[in-house]
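What follows is the residue order along each chain.
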Amino acid sequence: MGCGVSKSSQFNKHSRKAIRAAVLIQRWYRQYVARTEMRRRYTWHIFQSIEYSGEQAQIKLYNFLGYLMDNFTPSSTERNLISHIFRENDVCWDSEWERYFCYKNIEVPEVYSGPHLTFPLTVEQAVGLLEAFRSKKQLHSRYVLELLLETWKLLRMLPNINRISTCHSKEITICGDLHGQLEDLLLIFYKNGTPSLEKPYVFNGDFVDRGKDSIEILLILFSFMLVYPCDVYLNRGNHEDHIINLRYGFTKEVLTKYKIHGKRILKLLQKIFSWLPLATIIDQKVLVLHGGISDSTDLSVLTKVNRYNYVSALRPPKRRNHSSAGMSIDIDMDDDLWSTSKIYQRRASLTYPKPLGPRECFHNRSLQDFSTRIKANMENELEHSKRREVILAAALHRSQQDILSASTDSMNSDNAKDEWRQILDLLWSDPMNQDGCIPNEVRGGGCYWGPDVTEDFLNRHNMQLIIRSHECKQEGYEFCHNRKVLTLFSASNYYDVGSNRGAYVKLGPDLVPYVIQYQASSMTRELTARQSVGRTERSALKVLREQLFAHKSDLLCAFKKVDTKNAGLVSLIDWASAVESVMHLNLPWRMLRCQLVTCKSSDGMIDYYDWFNELAIKGPNTDHIDQSLLETLYRHRSTLETIFRIVDTDNSGFISMEDFRQTWKLLSVYLKMAITDEDICNLAETIDSNHDGSIDIDEFMEAFRLTDKKSRLERGRSMFMATTSDLTKLEGDPNV
Amino acid sequence: MAEDKESGENENILAIHRKITAAFEPFDYESKNTVDVREIGTIMYSLDCFPTQADIREFIAEVEENSSGTVHLDRFMPAMTKVLLENKFPPIPRSKIFQAFKVLDKEQRGFVEPEELTKFMMEEGEPFTQEEMDEMLTAHTNRKENVIYYDKLINKLTADAPK
């Protein structure tokens, strides 16, 4: 033990006093730390809830549109508006493809200052591409198409599940979600080196959407993959899906950056996404995939599926009539008989012959929801709907065997459904702490799987670890299920500046994951996690206030129910439960109250009319618009914009007045709200200021303050508006 | 009237129960009305209490389920209600913290140096872990002068305090 001098010899004289002082400071500081931690948790929760409910909304919308497709006659206007997003030009013949995606006649003007690519690609060119993008240059559409075609050729040769090994003491680097955040990819390459023969990489999906450089990330990843096809592996994520891209910004980004050829590029990307492998296995022991697994995940099934059939994971594969010259049968024909048989076919693909657990009910449920809406609202379709009812009833009454025999398709419907579900689970599932496997109703797709499912799966396949992404984590990574599942997320500052770190993993022959964290720092100086809480919290609360405002009518109803004396006051407890009953975000409202309700309350009662005034969002030119309509617009702005973009078939950014009206009809059916023709005319007149009969979508969204310019510019992207909206003012290089 | 007083008290207790439940819930990850014992400190702090580590340990000993590492709401509720009714761990007045820092700042310079503070916080009382210490220093050291102005620190942290 040594010398008898005590550690606190410095404080000998005042030692007791010192100890008391120390304890005081320590407990005081620890309380502050704990409170900050609480704030951080609910801030996170706010962002995550809103993010996931956005995904759920998109899936619902897509299911709704799918239902319209299935049940409206081909000649109906509504169907025509949206049918093209379901049209899968699955032409089997290469020559047709080559003609459509031909880049050879695209000239590159002399004034173009970006990189020129020659094929086969060299590593110098790939690195050159990196540098060009770092300097904010854009790749010319000719080279984009050429690069994508080469990529597609390569992907077609890859299996559904890549199997790689850490032989020769190679460490494999694995990256999670990037979401169009080029800065993070550049940071990873800076810290870890670019892909090479000695430095293999696996990228685990979600390369696009939300961030503003999605196309650049894709081009970089594809080019390195072309240069080192045995050392760069890409897994498909749930955002490698054109339906999701419509809502979350990738579609808009490409169309803005590539005004002339954007549509073609997007079409080619649809094919490429469907050809992306589903998973990667390292040393036969570590499974890397984007979302996760379920209790029915079967790798032998997944090895054999025709993954290219799943252009969007949200829709089961089309049943193809192989008789007609290899062309898709999804051609609009004014033929009711044809549409009848088509209904049978689609019905068959979506109904489940065996009563399987809750997950099937979940999918069926969304269909049933819409049938009443559609019947109730489309009055001029009454005759048609009557006919439809008869048809549907007939279809439902038939036995499964009858339906199958009506189809000429050779694909077994059981297998098709099982395959589809497996792929959906792979791309959309999240782990949970409880045992079991339940549908992921928060996101709207895939499932929640428990530690028992992990254990069972790993044992069955003789593996030891699952590496997945799909969920943002504050530290960029998180272990769960007894360290058998690792979540990896590579987009730092995802929710907001300072919200989270990104991480990547290195795996050597010992298969022990070594995690490296980072945070892209162009906008941050070094902050502790707790310091950045304040900033992120303010951001989250702002978004939350907007959400609350968007639900004003429902909230008012809920408050009035409790406020029996009609005094305009509710207690804190009642306020909290009313808000939760409307918002369904499962947030600690009581704790948030002092941040959300700043108007003074008397005796702990909240004056809710005052509160609504506090929250109100006022826009220019909106005073003459009905307030409840404005609220509807605001609440569903992402859905509205998505529908606009779907309707805008030539991707010009403009839709005609007539289509504009049809959009509203669609929306009113979807939302079960009455939006009168008069309302629509008023709106249209406000927007179509030059009276040329067409509406500028972006102008419309901005006119109603449906997008918040300020926050966009601050951040360079706006997740909650679900568009990469700082690009509206980025005209795009006409030379590109 | 005695009855009124009693019903007033009951209402008060009801309000306290709700408050405790609201603080407990965010940590009940499996919806089983249990939380990990390591979260108890945070929960108590979030209820505007300022216990020492010793206080927390004592409290846990009372409410933990047979060293299972978990605490059930059934046991947490009565114990925490008592704490709140008795105001057992009240907030620390600003002046007292100030005095505490002054003990360290013998020369009354108005600031302390990181090394001094580190030694103090990590060796005396209920020592900070390295992580806690690093966090405090990173967050609150004046970068230019490399010292910690404790009155600024106190103002900042008490501004965040519950009202």
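In this text, all values refer to a predicted model and were calculated from it rather than measured experimentally.

## A few points about the interface of chain B and chain A
And then number 1: In this assembly, 48 residues from chain B lie in contact with 35 residues from chain A.
And then number 2: Overall, the association of chain B and chain A removes approximately 4,200 Å² of surface from exposure, summing both partners, and the carbon and sulfur fraction of that is 64%.
And then number 3: Joining chain B to chain A, the criterion identifies 1 salt bridge.
And then number 4: Two residues, E132 of chain B and R30 of chain A, come together in a salt bridge whose shortest N-O distance is 2.9 Å.
And then number 5: Across the chain B-chain A interface, the total number found is 10 residue pairs in polar contact (both at pLDDT 80 or more).
And then number 6: Of all the secondary structure elements, the ones that give two or more residues to the side of chain B that touches chain A are α1 (2-24), α2 (40-46), α5 (94-104), α6 (114-123), α7 (130-140) and α8 (150-159) of chain B.

## Considering helix α4 (residues 73-86) of chain B
In an α-helix there are 3.6 residues to a turn, and that puts residues three or four apart on one side.
Residues and elements named next belong to chain B.
And then number 1: Across its 14 residues, α4 extends 19 Å between first and last C-alpha, which sits within 8% of the 20 Å expected from 1.5 Å per residue.
And then number 2: Along α4, the residues that are buried comprise L73, F76, M77, A79, M80, T81, V83 and L84.
And then number 3: Immediately beyond the C-terminal end of α4, within one or two residues, lies N87, with a positive phi of roughly 50°.

## A few points about the UniProt feature "domain: EF-hand" (unreviewed entry) in chain B
And then number 1: As recorded in UniProt, the sites labelled "domain: EF-hand" (unreviewed entry) are residues 92-127 of chain B.
And then number 2: As a span, residues 92-127 of chain B carries 58% helix and 6% strand, and end to end its C-alpha atoms are 19 Å apart.

## Thoughts on the sheet that holds strand β13 (residues 502-507) of chain A
Residue and element names in this part refer to chain A.
And then number 1: With respect to topology, 5 strands assemble into an open sheet ordered β4-β3-β2-β13-β14, the strand pairing being mixed. Pairing within the sheet leaves two strands with one partner each, and these edge strands are β4 (232-234) and β14 (513-518). Averaged over neighbouring strand pairs, the angle between their axes works out to 20° when direction is ignored.
And then number 2: Of the pairings in the sheet, the one linking β13 to β14 comprises 6 bridges and is antiparallel in character. Paired with K506 across the two strands is Y514, which belongs to β14.

## Topic: the sheet that holds strand β5 (residues 279-282) of chain A
All names here are of chain A.
And then number 1: Reading across the sheet, the 6 strands line up as β1-β5-β6-β10-β12-β11 and stay open at both edges, with mixed pairing between neighbours. Two strands close off the open sheet at either side, each with one partner strand: β1 (161-164) and β11 (477-480). Going from strand to strand, the sheet's axes swing by 20° on average, the running direction of each strand aside.
And then number 2: Taken together, the 3 bridges between strand β10 (residues 465-468) and strand β12 (residues 485-488) define a ladder with parallel strand orientation. Residue pairing in the sheet places I467 in a bridge with L486 of β12.
And then number 3: In this fold helix α17 (residues 451-461) packs onto β6 (286-288), β10 and β12, with an angle of close to 115° to the strand it touches most, β10.

## Concerning the nonpolar core
Residue and element names in this part refer to chain A.
And then number 1: Judged by nonpolar contacts, the single largest core of 61 residues is most densely connected at L139, F203, F207, L234, F250 and L269.
And then number 2: The biggest single contributor to this core is helix α7 (residues 214-227), with 11 residues.
And then number 3: Look past the residues within four positions of F203 in its chain and what remains in contact with it is C175, L178, L185, F189, L221, V232, Y233, L234 and N235.
And then number 4: Residues A491, V543, F549 and L556 belong to the second largest nonpolar core, which totals 41 residues.

## Structural notes on the domain arrangement of chain A
And then number 1: Here the domain parsing of chain A yields domain 1 (94-99 + 115-317 + 419-518), domain 2 (548-615) and domain 3 (627-718).
And then number 2: Using only C-alpha atoms to locate each centre, domain 1 of chain A and domain 3 of chain A end up separated by 33 Å.

## Description of the side chain of D184 of chain A
Residues and elements named next belong to chain A.
And then number 1: Note that D184 resides in helix α6 (residues 182-192).
And then number 2: Relative accessible area serves as the criterion here: at 1%, D184 is assigned to the buried category.
And then number 3: Engagement of the side chain of D184 in a polar contact is seen with the side chain of Q181, the distance being 2.6 Å.
And then number 4: Those residues in contact with D184 that sit more than four places away from it in its chain are S490, A491, S492, Y518 and A520.

## Describing a positive patch on the surface
And then number 1: Side chains of R16, K17 and R20 of chain A together with K96 of chain B sit close together on the surface and give a patch of like positive charge.
And then number 2: Here the element with the most residues in the positive patch is helix α1 (residues 15-71) of chain A; it accounts for 3 residues.
And then number 3: Its place among the elements puts K96 of chain B in helix α5.
And then number 4: With a relative accessible area of 48%, K96 of chain B lands in the partly exposed category.

## A look at the packing of helix α4 (residues 123-134) of chain A against α7 of chain A
Residue and element names in this part refer to chain A.
And then number 1: The N-to-C vectors of α4 and α7 enclose an angle of 165°; their axes lie 9 Å apart at closest approach. With respect to α7, the axis of α4 lies roughly antiparallel. At the point where α4 passes α7, the crossing takes the left-handed sense. Residues V123, A126, V127, L129, L130 and F133 of α4 touch α7, and the partners they reach there are E216, L219, I220, S223, F224 and V227.
And then number 2: Looking at the contact of α4 with α7 residue by residue, the classes come out as 10 nonpolar, 1 polar and 1 charged.

## With respect to unusual backbone geometry
Residues and elements named next belong to chain A.
And then number 1: Between F119 and the following residue, P120, the backbone shows a cis peptide bond with an omega angle of 0°.
And then number 2: At D283, a position not held by glycine, the phi torsion is positive, near 55°.
And then number 3: Notably, N566 is not glycine yet its phi reads approximately 55°, a positive angle.
And then number 4: As for its position among the elements, N566 is in the loop between α19 (552-562) and β15 (569-571).

Here is what the cut-offs are and how they apply
Residues numbered from 1 in each chain as written. Chains lettered and ligands numbered in written order. Predicted model: local features only at pLDDT ≥ 70, side-chain atom pairs only at ≥ 80, totals over all residues. Heavy atoms only, no water. Contact = heavy atoms within 4.5 Å. Buried area = accessible area lost by both parts, 1.4 Å probe. Salt bridge = Lys/Arg side-chain N within 4 Å of Asp/Glu carboxyl O. Polar contact = N/O pair within 3.5 Å; in protein donor to acceptor, adjacent residues only side chain to side chain. Helix = DSSP H or I, 4+ residues; strand = E, 2+ residues; numbered from the N terminus. Expected span 1.5 Å × (residues − 1). Buried < 20%, exposed > 50% of the residue type's maximum accessible area, 1.4 Å probe, protein only. UniProt positions renumbered as here; feature names shortened; annotations may be inferred. Pairing = 2+ DSSP bridges. Axes fitted to C-alpha atoms, helices over the stretch in contact; angles between N-to-C directions. Core = buried A, V, L, I, M, F, W, Y, C linked by side-chain atoms within 4.5 Å. Domains from an automatic or database assignment. Patch = residues over 30% accessible without salt bridge, like charges linked within 9 Å, V, L, I, M, F, W, Y side chains within 5 Å. Areas by Shrake-Rupley, 256 points an atom, 1.4 Å probe, with all protein chains shown as cover. Lys, Arg positive; Asp, Glu negative; His and termini not counted. Charge placed at Lys NZ, Arg CZ, Asp CG, Glu CD. Parallel < 35°, antiparallel > 145°, perpendicular 65-115°, else oblique. Left-handed = near helix turned anticlockwise from the far one by under 90°. Nonpolar A, V, L, I, M, F, W, Y, C, P; charged D, E, K, R; others polar.

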